[in-house]
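Structure at a glance
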Amino acid sequence: MVVEVKPATPARWRDLDRVFGRRGEDRSWCWCQLFLHPSTGRATGSEPGPDNRAALKEQVTRATVAPGLIAYIDGEPVGWTRVGPRSRFPLVTGNRALAKLLPHDPGAWWVTCFAVESRRRRSGVGTALLQAAVEYARLQGASSLEGHPVDVTALRAAKVGGSAVFTGTAAMFTTAGFTEVGRTHPSRPLMRREL
């Protein structure tokens with residue numbers, strides 16, 4: 001199985017929409033807005049939720065540098081990751097636990113999340129996206145790439161669902177050449193790769 005990864009450009013919006021599958025029917029679902037806006041979240045009660053789908057579409061459409069990458073297998077979109085300058089993610093830079101571990105690096109980029117079609121999980125799509133994110137960040141002039149994945153070996157649950165590891169797994173990051181900087185929690189390492 002060959003995973004091909006391409007930038008999420010306006011011409012590929014329909015592919016990105018397809019990656020989210022049934023979740024894509026819910027405009028208030030995260031749509032990778034969580035780390036951009038502190039108030040992003042699902043609606044409660046009778047309040048309408050934010051239109052996060054439209055927000056991501058606008059970000060993809062207006063970006064001079066694609067805000068993420070799409071993975072394909074046999075021409076079918078199967079995964080997505082958001083990647084960009086760390087400074088553009090307020091919920092990363094404003095996180096006090098992370099702030100204690102993050103080195104001062106104005107050129108640092110961050111991988112916020114992964115969405116992989118359920119049938120393709122545990123098949124290397126996430127790792128392929130992460131490895132492509134390394135090259136993508138390097139091409140954009142980043143000095144390093146970081147992420148805050150989950151160390152599933154440190155979790156108490158016997159089985160871990162995809163929604164619990166949307167930031168990636170420590171094993172993926174290690175495979176892609178990242179090293180651990182420290183931990184904000186026993187199961188949450190900060191991983192970094194110098195570029």
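So, here is what we can say about the structure in this document. (Residues numbered from 1 in each chain as written. Predicted model: local features only at pLDDT ≥ 70, side-chain atom pairs only at ≥ 80, totals over all residues. Heavy atoms only, no water.)

Our next topic: helix α2 (residues 52-62). Within α2 the residues assigned to the buried category are Asn-52, Leu-56 and Val-60. The buried residues of α2 occupy an angular sector of 75° when the element is viewed end-on, so they sit on one face. Elements in contact with the buried residues of α2: α1 (13-19) and β3 (76-85). (Buried < 20%, exposed > 50% of the residue type's maximum accessible area, 1.4 Å probe, protein only. Helix = DSSP H or I, 4+ residues; strand = E, 2+ residues; numbered from the N terminus. Arc of directions from axis to C-beta. Contact = heavy atoms within 4.5 Å.)

The tally for this structure, following the rule as stated, stands at 11 salt bridges. Put simply, Glu-180 and Arg-183 hold a salt bridge, and the shortest N to O gap is 2.8 Å. Classification of Arg-183 by relative accessible area gives partly exposed; the value is 32%. Look at the salt bridges and you will find they share partners, linking Arg-86, Asp-105, Glu-146, Arg-192 and Glu-194 into a network. (Salt bridge = Lys/Arg side-chain N within 4 Å of Asp/Glu carboxyl O.)

Turning to the pairing of strand β5 (residues 144-147), a few remarks are in order. Side chains Ser-144 and Glu-146 of β5 all project onto a buried face; the interleaved residues Leu-145 and Gly-147 project onto the opposite face, where all are buried too. Across four bridges, the pairing between strand β4 (residues 108-116) and β5 is parallel. Paired with Val-111 across the two strands is Gly-147, which belongs to β5. Relative to strand β7 (residues 188-194), β5 runs antiparallel, the two being bridged by four bridges. Bridging from a neighbouring strand, Ser-144 pairs with Glu-194 of β7. (Pairing = 2+ DSSP bridges.)

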